Structures are given as C-alpha cells and as structure tokens.
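# Reading the structure
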Amino acid sequence: MEQPKQEEDYGYDLFPERNTPKYKRGSVGESIFTFSHKCQVMLQLAMETSPYAQLLLSAMNSSGCKVFKDRHFSCEDCDGTVSGGFDAASSQIVLCQNNIHQQAHMNRVVTHELIHAFDHCRAHVDWFSNLRHLACSEIRAANLSGDCAFKNEAARFNFGLQKHHQECVRGRALRSILAVRSIGREEAEKIVDEVFDTCFNDHTPFGRIPHDNKDAKFAFRDYENRDRYYANI
C-alpha cells in the first residue's frame, strides 16, 4: 500500500534553492558552476519567440499582472525529477536549470508554469488549502501547454488510443499533485476526477487547445485582435 509523505512540505523539497541557495545571486560562482547563463538565454528566447508564452504574458498584462523576467523567473538547481514549478508564496516561476537542456523543453516548462501564474492572477487560487484548486490548474497546464501534444507523447512512446489526449492530461495532472502533496493516489485520483471536465474545458486565455505552435500562433493572433473584433460588432 502506498504510503503518503510523513510531513507536508508543499513540494518545496524538490526545489532546495528556495530555502538554501548554493550561490549568492549574481556571484562568479553561480555563473561558472551552474547552468544559469544558458537557462537565462533560453528563457529570454521562450519569452520572445514562443507563441504560447507570448499569449500568456499578454493575457497576464491585460489582467493587471505584468510579468518581469528578473522578478518573476528564477533559474535554480532542483531535484532531478522536476523541470519547473510555480511558487505561489513569492509569485515566482522556478526553472530547473540542471534539468532543462533544450529550447523546446524550456518553452513547454515556461508555458506550463505561466498557466499556473495566470490562474494565480485571475482566479485567486488557494494553492495550499484547496486541492481541487491545485488539481484544476494542473489539468489546465497539462492541457494547454503542449505537454500532451502528439509529438511529445510519441517521443515518450505513448501512442494514442481513443481520448488519448484526455488521459495524458489526467495522468500528468495526477503525477504533479502527488509530487507536491502528501496524499495517497486514490484520493488524488478522486480529486482530479471531480474537477476534470470543467477544468479540461476551460481554455482561457487561448480560446482553444493549442496542439502545436501553429495552433498557438493562431490563438495569439486572435487574442491580440479580440478588441478589434468586438469593436466592429
């Protein structure tokens, strides 16, 4: 029988630099001995070229939550099992510089965590006390970030049966919850099932499920032109 974690830590054990940074920010040691510079360059590229990230950054700005690269992103060394996280206590996205080595991976992580940040901005998510809120945002992030896109699933040798996308989203949301909360699998599955349909069908701010960059570009174009459309009605 699966045993839950003994002490609730909200997943902070996966991000050790949140509490005890190995190097002082901006120090020579940091630039020489970590992947920080590469992480920062890939982050900048993601923010400037990924239509997923561009749409989310625009949506957050429109919602009154403008994102600043130096304030709201932090490249850190993490546990080997995670690529990133959203720290609701500091409204900061953690990018795991020791685990992200390709630009496409960085783009997905930035998008996934920006969806959490967007939910934090617009929905006042109770991350620490309401597991349904957490599950909903994890479902949305898995669904809208490209995590479950066909090419990514094929690279994992996960090939689709009927409703494969939904099952991928459900599975990734479940694993994310189990990684950061001290609950059993059965309880986590029940919580995901309770909110799945509503949260899976919430495509805000994309207006659709962006299955690839082409979809995301169209969604970004439509988002940027939304006011022009309504002004002509």
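Residues numbered from 1 in each chain as written. Predicted model: local features only at pLDDT ≥ 70, side-chain atom pairs only at ≥ 80, totals over all residues. Heavy atoms only, no water.

### A few points about the overall build of the protein
Looking only at helices and strands, the protein has eleven helices and three strands in total. Each helix and strand of the protein, placed in order from N terminus to C terminus, yields the pattern α-α-α-α-β-β-β-α-α-α-α-α-α-α. Residues classed as buried in the protein amount to 45% of the 233 residues present. (Helix = DSSP H or I, 4+ residues; strand = E, 2+ residues; numbered from the N terminus. Buried < 20%, exposed > 50% of the residue type's maximum accessible area, 1.4 Å probe, protein only.)

### Digging into the environment of Ile191
As for its placement among the helices and strands, Ile191 is situated in helix H9 (residues 185-200). The exposure class assigned to Ile191 is buried, which follows from its relative accessible area of 6%. Between the C-alpha atoms of Ile191 and Ala135, which are 56 residues apart in sequence, the distance is 7.0 Å.

### A short note on the side chain of Asn99
Structurally, Asn99 is set in the loop between strand S3 (92-96) and helix H5 (103-123). Residue contacts for Asn99: discarding those within four places in its chain leaves Cys78, Asp79, Gly80, Val82 and His105. (Contact = heavy atoms within 4.5 Å.)

### Some words on the packing of helix H2 (residues 36-49) against helix H3 (residues 51-62)
Running from N to C, H2 and H3 cross one another at 75°; their axes reach a closest spacing of 6 Å. With respect to H3, the element H2 is oriented roughly perpendicular. Every residue of H3 that contacts H2 at Ala46, Met47, Glu48 and Thr49 is listed here: Pro51, Ala53, Gln54 and Leu57. By residue class, the composition of the contact of H2 with H3 is five nonpolar, two polar and one charged. (Axes fitted to C-alpha atoms, helices over the stretch in contact; angles between N-to-C directions. Parallel < 35°, antiparallel > 145°, perpendicular 65-115°, else oblique. Nonpolar A, V, L, I, M, F, W, Y, C, P; charged D, E, K, R; others polar.)

### With respect to the sheet that holds strand S2 (residues 84-87)
On the basis of which strands lie adjacent, the open sheet formed by three strands has the order S1-S3-S2 and mixed pairing. The open sheet terminates on both sides in strands that have one partner only, identified here as strand S1 (73-76) and S2. Across this sheet, the average inter-strand angle for adjacent strands is 25°, counted without regard to direction. As paired elements, S2 and S3 share four bridges and run antiparallel to each other. Its bridge partner being in S3, Gly84 is matched across the sheet by Leu95. Packed onto the sheet, H2 meets S1 and S3 and runs at close to 145° relative to S1. Where H5 meets the sheet, its contacts fall on S1, S2 and S3, and the angle it forms with S2 comes to roughly 20°. (Pairing = 2+ DSSP bridges.)

### A closer look at the pattern of salt bridges
Taken as a whole and judged by the stated rule, the model has ten salt bridges. Two residues, Arg122 and Asp202, come together in a salt bridge whose shortest N-O distance is 2.9 Å. Pair noted here: Arg122 is in helix H5 and Asp202 is in the loop between H9 and helix H10 (213-224), with a separation of 80 residues, a long-range link. Of the residues examined, Arg122 reaches a relative accessible area of 33% and is grouped as partly exposed. Close ionic contact of Asp222 with Arg208 constitutes a salt bridge, the shortest N to O distance being 2.3 Å. You can see Asp222 sitting in helix H10 and its partner Arg208 sitting in the loop between H9 and H10, a full 14 residues away along the chain. With relative accessibility at 26%, the residue Arg208 sits in the partly exposed group. One connected set of salt bridges, linked through shared partners, spans Asp119, Arg122, Arg140 and Asp202. (Salt bridge = Lys/Arg side-chain N within 4 Å of Asp/Glu carboxyl O.)

### Re the environment of Asn61
Locating Asn61 in the fold gives a position in helix H3. According to the relative accessible area criterion, Asn61 is partly exposed, its value standing at 42%. Residues Asn61 and Phe118 lie 57 residues apart in sequence; the distance between their C-alpha atoms is 9.7 Å.

### Thoughts on the pairing of S3
In terms of residue burial, S3 counts as a mostly covered element, since five of its five residues are buried. Where burial is concerned, the two faces of S3 agree: the one with Gln92, Val94 and Cys96 and the one with Ile93 and Leu95 are both buried. With four bridges connecting them, S1 and S3 associate as parallel partners. Note on S3: the bridge partner recorded for Ser74 is Val94. Remark: four residues form the turn of the hairpin made by S2 and S3, two consecutive strands paired antiparallel; Ser91 in that turn has positive phi of roughly 55°.

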